[in-house]
Amino acid sequence: MPALSDAINRAVAEARKASNGRHAEVLVHDGPLRQSVIALRQGITLAEHNSPPAASIYVVRGRLRVTGDEPVEVAPGQIEALTHQRHAVESLDDTVFLLTTVTSVPGTESYGGAHLEL
């Protein structure tokens, strides 16, 4: 398992080089549990998408806005449970965050039927 600090630094470097301004790396994949480091350059938006059954976002660097029923800004050191509604994610600064998801729960699918593709 890679060190979180190494994954963060790698994600930032890759996002800066990427034409789409983003980079994601799955760190933990254990059954339905996934933890990913995601880096977004300032101004990059992850288009509106459906939530998995459970998810949280922890901002390591930068700031982002999560849209949905009640848009919220998330700053470094803050953790936010993601809405079960469709939502988008917009990077307000160059941002790195840890996304934790549970991709399936017996008897349920993602809310709305589709997952985010990075």
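Definitions and limits used
Residues numbered from 1 in each chain as written. Predicted model: local features only at pLDDT ≥ 70, side-chain atom pairs only at ≥ 80, totals over all residues. Heavy atoms only, no water. Salt bridge = Lys/Arg side-chain N within 4 Å of Asp/Glu carboxyl O. Helix = DSSP H or I, 4+ residues; strand = E, 2+ residues; numbered from the N terminus. Buried < 20%, exposed > 50% of the residue type's maximum accessible area, 1.4 Å probe, protein only. Polar contact = N/O pair within 3.5 Å; in protein donor to acceptor, adjacent residues only side chain to side chain. Contact = heavy atoms within 4.5 Å. Pairing = 2+ DSSP bridges. Axes fitted to C-alpha atoms, helices over the stretch in contact; angles between N-to-C directions.

1. Thoughts on the pattern of salt bridges
Evaluated as defined, the whole model comprises seven salt bridges. Note that E25 and R10 form a salt bridge whose closest N and O atoms lie 2.9 Å from each other. Taken together, the residues E25 in strand β1 (residues 22-30) and R10 in helix α1 (residues 4-17) connect sequence positions 15 residues apart. Here R10 falls in the partly exposed class, since its relative accessible area comes to 35%. A salt bridge links R65 to E73; its shortest N-O distance comes to 3.4 Å. Its relative accessible area of 27% is what places R65 among the partly exposed residues. Shared partners join several salt bridges into a network, and the residues in it are R63, R65, E73, E90 and D93.

2. Examining the side chain of H49
With respect to the helices, strands and loops of the structure, H49 is situated in strand β3 (residues 45-49). A distance of 2.7 Å separates the side chain of H49 from the backbone oxygen of A47, its partner in a polar contact.

3. Quick notes on the environment of L99
Following the sequence through the fold, L99 ends up in strand β9 (residues 95-102). Linking L99 and I57, residues 42 residues apart in sequence, is a C-alpha distance of 4.7 Å. If we ignore the near neighbours within four places in the chain, the residues touching L99 are R34, Q35, S36, I38, S56 and L82.

4. As for the sheet that holds strand β6 (residues 72-74)
Spatially, the four strands line up as an open sheet ordered β3-β8-β5-β6, and their pairing is antiparallel. Every interior strand has two partners, whereas the edge strands, β3 and β6, have only one. Sheet twist, expressed as the mean angle between neighbouring strand axes with direction ignored, is 15 degrees. Inspection of the sheet shows strand β5 (residues 64-66) paired to strand β8 (residues 87-91) by three bridges, in the antiparallel sense. Bridge assignment links L64 to a residue of β8, and that residue is S91.

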